[in-house]
Amino acid sequence: MHAAFRGARRVLPAGVRRETVRERLDRLVAEAPAAYDLDDWTDFYGNDDGIIGELERRTAGALGTEAAVFFPTGTMAQQVALRCWAGRTANATVAGHPLSHMEVHEGDAWAVVSGLRMVHPTHAPRPPTAAEIYDLPEPFGALALELPLREAGFVLPTWDELTSAVEAARDREAVVHFDGARLWECGPHFGRPLPEIAALADSVYVSFYKSLGGISGAALAGTEDFVEEARAWRHRYGGRLFQQWPAALTALAGLDRELPRLPEYVAHAKVVARALGEGLAGAGVPWFRVHPGVPHTHQFQVWLPHPPELLNEAVVHHAEQAGTALFGRWHEPATAGPPGMAMTELTVGAAALDWTEGDIRSATGEFMNFVRRAEGGEAGGLGES
């Protein structure tokens, strides 16, 4: 599939066209001079007066927090944040969502490594409401909110719902932690700048590669004293690496290049989602779902009633024979959805801005033609839809 994506003339979703090591190095060299003074020294165990310190200060400035600390992974940052709050609140119980990244993608690290316990205000595929937080039958030390909630379709609450949920946690004498790996693109939905969003929480985790195009890395932001405690736990968790300048350099470049463009991506995601829905309906697909119908961020889900293997075969044929990659990889979700369904996540980035609604509708019809041919056991070809 990677070879098919690389050979395609047009690729709609961001993140599916992988690079070779040489290509990534060449891009880093091209972007680096504008991101940081390359005559400065490489970092040394995250020294504050070098590139890591600069990234931490830039991150805190973007989020409007007192300080931030760099982590090699978001999983580590999340565990450190919640472990710090467990100690400060004397309560190791965390209120979170069963579809959250911590529950689905972190190997139960919150329990196995950090000794925490999770309770769920709701099992509905959306963020919890204030009423559900008030109704939790036991005390909890921290409320962890993933913004957006990826597994539910990159969904967000309204601003009033978010502020009410935060207020409910405060009334329950709990702190609030934002799992904001993708917080960078939430501003347009809330109609608020990042510092106003981050100010609702006691701690905020952000990723440098999920939206900003970095190699890796994350940050934990909050007050000065919280960040200093997090630095100590980062060392204990093995996150004080000797050198991390490539990750920091790409993160700085992403803050310069991608962060200002995210509102444009979010706006165009609405265009893409609408055109995909029209294209699938026009192609006579009996059932499909674009979720959310109006995306909350620049990412959303598309569901079709076909096995993922068949859809992935159609993706490859579409890319190889028509030169178009409309979708990335399809899979059968383990967390939600009826059997016989496949889902793909679509991220709108810079490359998608050149696609018009007509382009998307046309490409959708082509793709469904390849799906029908795959169902019939044919090798592909444009033919007639």
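Model, not experiment: these values are computed from the prediction. (Residues numbered from 1 in each chain as written. Predicted model: local features only at pLDDT ≥ 70, side-chain atom pairs only at ≥ 80, totals over all residues. Heavy atoms only, no water.)

## Looking at the sheet that holds strand β12 (residues 342-347)
Pairing between the strands of a sheet comes from backbone hydrogen bonds, and it takes one of two forms, parallel or antiparallel.
Next, step 1: The 3 strands are arranged β9-β10-β12 in an open sheet whose pairing can be described as antiparallel. Where the open sheet ends on each side, the last strands, each with one partner, are β9 (289-291) and β12. With direction set aside, neighbouring strand axes in the sheet form an average angle of 20°.
Next, step 2: Here helix α13 (residues 262-282) sits on the sheet and contacts β9, β10 (299-304) and β12; the angle it forms with β10, its principal contact strand, is near 10°. (Pairing = 2+ DSSP bridges. Helix = DSSP H or I, 4+ residues; strand = E, 2+ residues; numbered from the N terminus. Axes fitted to C-alpha atoms, helices over the stretch in contact; angles between N-to-C directions. Contact = heavy atoms within 4.5 Å.)

## Focus on the confidence of the model for the protein chain
Next, step 1: When pLDDT is averaged along the protein chain, the result is 95, and 97% of the positions lie at 70 or above.
Next, step 2: Overall, residues 381-385 carries pLDDT values under 50, and its contacts beyond four positions in sequence, including any with other chains, amount to 16 contacts. (pLDDT = per-residue confidence, 0-100.)

## Side note on the side chain of glutamine 78
Next, step 1: Examined against the element boundaries, glutamine 78 turns out to sit in helix α4 (residues 74-89).
Next, step 2: Accessibility expressed as a relative area gives 0% for glutamine 78, which makes it buried.
Next, step 3: Every residue in contact with glutamine 78, bar those within four places of it in the chain, is listed here: Met102, Glu106, His177, Asp179 and Tyr205. (Buried < 20%, exposed > 50% of the residue type's maximum accessible area, 1.4 Å probe, protein only.)

## Some thoughts on the environment of proline 295
Next, step 1: Its location among the elements puts proline 295 in the loop between β9 and β10.
Next, step 2: Linking proline 295 and glycine 222, residues 73 residues apart in sequence, is a C-alpha distance of 29 Å.
Next, step 3: With residues near it in sequence (within four places) discarded, proline 295 still touches Ala269, Lys270, Ala273 and Phe300.

## Quick word on the packing of aromatic side chains
The relative placement of two aromatic rings is captured by the distance of their centres and the angle of their planes.
Next, step 1: Applying the stated criterion across every chain, the model contains 10 aromatic pairs.
Next, step 2: Look at tyrosine 45 and phenylalanine 242: their rings are 5.5 Å apart centre to centre, the planes differ by 65°, and that puts the pair in the edge-to-face class. Highlighted residues: tyrosine 45 in the loop between α2 (21-35) and α3 (51-63) and phenylalanine 242 in the loop between α11 (224-236) and α12 (245-257), separated in sequence by 197 residues.
Next, step 3: Residue tyrosine 45 is classed as partly exposed on the basis of its relative accessible area of 33%.
Next, step 4: The exposure class of phenylalanine 242 is partly exposed, given its relative accessible area of 43%.
Next, step 5: Three or more aromatic residues link up through ring pairs in this structure, and these residues are Phe44, Tyr45 and Phe242.
Next, step 6: The ring of tryptophan 355 is capped by arginine 10, whose NZ or CZ atom sits 4.3 Å from the centre of that ring.
Next, step 7: When the ring centre of tryptophan 233 is taken as reference, the NZ or CZ atom of arginine 236 above it lies at 4.6 Å. (Phe/Tyr/Trp six-rings, centres within 6.5 Å; stacked < 30°, edge-to-face > 60°. Lys NZ or Arg CZ within 6 Å of the ring centre and 35° of its normal.)

## Some remarks on the sheet that holds strand β4 (residues 117-119)
Next, step 1: Taking strand neighbours across the sheet as the criterion, the 7 strands line up as β2-β8-β7-β6-β5-β3-β4 in an open arrangement whose pairing is mixed. Strands with a single pairing partner mark the edges of an open sheet, and in this sheet they are β2 (67-71) and β4. Along the sheet, successive strands turn relative to each other by an average axial angle of 25°, direction set aside.
Next, step 2: Taken strand by strand, α4 contacts β2, β3 (93-95), β5 (142-146), β6 (175-179), β7 (203-207) and β8 (218-222), and its axis lies near 180° from that of β6.

## Topic: the pairing of β5
Next, step 1: Judged by how many residues are buried, β5 sits mostly within the fold: 5 of 5 residues are covered.
Next, step 2: Side chains of β5 alternate between two faces, with Ala142, Ala144 and Glu146 and Leu143 and Leu145 buried alike.
Next, step 3: With 2 bridges connecting them, β3 and β5 associate as parallel partners. Opposite valine 94, over in β5, you have alanine 142 as the bridge partner.
Next, step 4: Inspection of the sheet shows β5 paired to β6 by 5 bridges, in the parallel sense. Bridge pairing links glutamate 146 to aspartate 179 in β6.
Next, step 5: Taking the sense of rotation as the criterion, the β-α-β connection linking β5, helix α8 (residues 159-171) and β6 turns out right-handed. (Right-handed = clockwise from strand over helix to strand, strands pointing away.)

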